[in-house]
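Breakdown of the fold
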Amino acid sequence: MELYLDTADLAAVRRWARILPLAGVTTNPSIVARAGLPLRELLPALRDLLGPKARLFAQVMGKGETEMVREAFALRELDPDLVIKVPVCEEGLAAIKCLAGNGVPTLGTAVYTPQQGWLAALAGAHYVAPYVNRLDAQGGDGLKTVDELQRLLALHVPGSKVLAASFRTPRQALDCLLVGCQSITLPVDVAEQLLAVPAVEEAIARFDADWRGAFGG
């Protein structure tokens, strides 16, 4: 099981890395832009927080294969173990194929159909990221897409993994785990909802009150 945070919030990564063995951090251009920290500063800071074994992900911005590949190698100069996120479109598939041929690990992102994810895996993507909540918001079925994509990859491209992304609620993440998804990336707000169980705090307070009532201190 690989649990990632989908964020560029260093404080949140520090907090969650203390609580759980995070597999790493995923980012995209929107996340990095909101944080206001350029990748040349963000990636080394994340590496310092998570250590050498963590997987870090950053996305190319280019529109064509050549530009995407060039940018991927430039990003890898910032972190030689970086996994490169590439949108799964025609030019993106060509870039994934080229990068795979050069030993660069990739993640096929912005996946909305099982077939699209299968194509990314065929091109050589190590990871494929279906957008669960965005599919649901568009009237699709994010969970079904994850399930079908996993079965496709297991049957035909077993070297690639589904890394489910785009969650709005903990329930969406739980459902993906229950259908066997081995890798998920959570936004910080969804991760926080996993911890926000008021009954736990009430139980702790009751334990403390009962103990003090019986023994003082």
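Residues numbered from 1 in each chain as written. Predicted model: local features only at pLDDT ≥ 70, side-chain atom pairs only at ≥ 80, totals over all residues. Heavy atoms only, no water.

The name an unreviewed UniProt entry gives the chain is Fructose-6-phosphate aldolase, with Aeromonas schubertii as the organism. Recorded under Catalytic activity (unreviewed entry), the UniProt text for the chain is reproduced unchanged: "beta-D-fructose 6-phosphate = dihydroxyacetone + D-glyceraldehyde 3-phosphate". As recorded by UniProt, the Sequence similarities (unreviewed entry) comment attached to the chain reads in full: "Belongs to the transaldolase family. Type 3A subfamily." (UniProt positions renumbered as here; feature names shortened; annotations may be inferred.)

Right, let's get into the environment of leucine 152. Counting through the fold element by element, leucine 152 comes out in helix H8 (residues 142-156). Given the relative accessible area of 24%, leucine 152 is considered partly exposed. When the C-alpha atoms of leucine 152 and glutamate 201 are compared, they prove to be 43 Å apart, with 49 residues separating the residues in sequence. With residues near it in sequence (within four places) discarded, leucine 152 still touches Pro114, Gln115, Trp118 and Val157. (Helix = DSSP H or I, 4+ residues; strand = E, 2+ residues; numbered from the N terminus. Buried < 20%, exposed > 50% of the residue type's maximum accessible area, 1.4 Å probe, protein only. Contact = heavy atoms within 4.5 Å.)

Turning next to the packing of aromatic side chains. Considering all chains together, one arrives at four aromatic pairs under this definition. Their ring planes at 90° and their centres at 5.3 Å tell us that tyrosine 4 and phenylalanine 57 sit as a pair that is edge-to-face. One end of the pair, tyrosine 4, is in strand S1 (residues 2-6); the other, phenylalanine 57, is in strand S3 (residues 55-59), and 53 residues separate them in sequence. The same class applies to tyrosine 4 and to phenylalanine 57, which are both buried. For the pair tyrosine 112 and tyrosine 131, a centre-to-centre distance of 5.5 Å together with 80° between the ring planes defines the contact as edge-to-face. (Phe/Tyr/Trp six-rings, centres within 6.5 Å; stacked < 30°, edge-to-face > 60°.)

Let's shift gears to the layout of surface pockets. Empty space within the largest pocket amounts to approximately 610 Å³. Lining the largest pocket are 31 residues; nearest its centre among them are Asp6, Asn28, Ile31, Arg34 and Arg134. Those elements that provide at least two residues to the lining of the largest pocket are helix H2 (29-35), strand S4 (83-87), strand S5 (106-111), helix H7 (132-137) and helix H10 (188-195). Per-element accounting of the lining of the largest pocket gives the leading share, five residues, to H2. Of the residues contributing to the lining of the largest pocket, the split by class is 15 nonpolar, nine polar and seven charged. (1 Å grid on protein atoms, 1.4 Å probe; cavity = no way out; pocket = protein on both sides within 12 Å on 5 of 7 lines; lining within 4 Å. Points joined across faces, edges and corners; volume = space filled by probe spheres on them. Nonpolar A, V, L, I, M, F, W, Y, C, P; charged D, E, K, R; others polar.)

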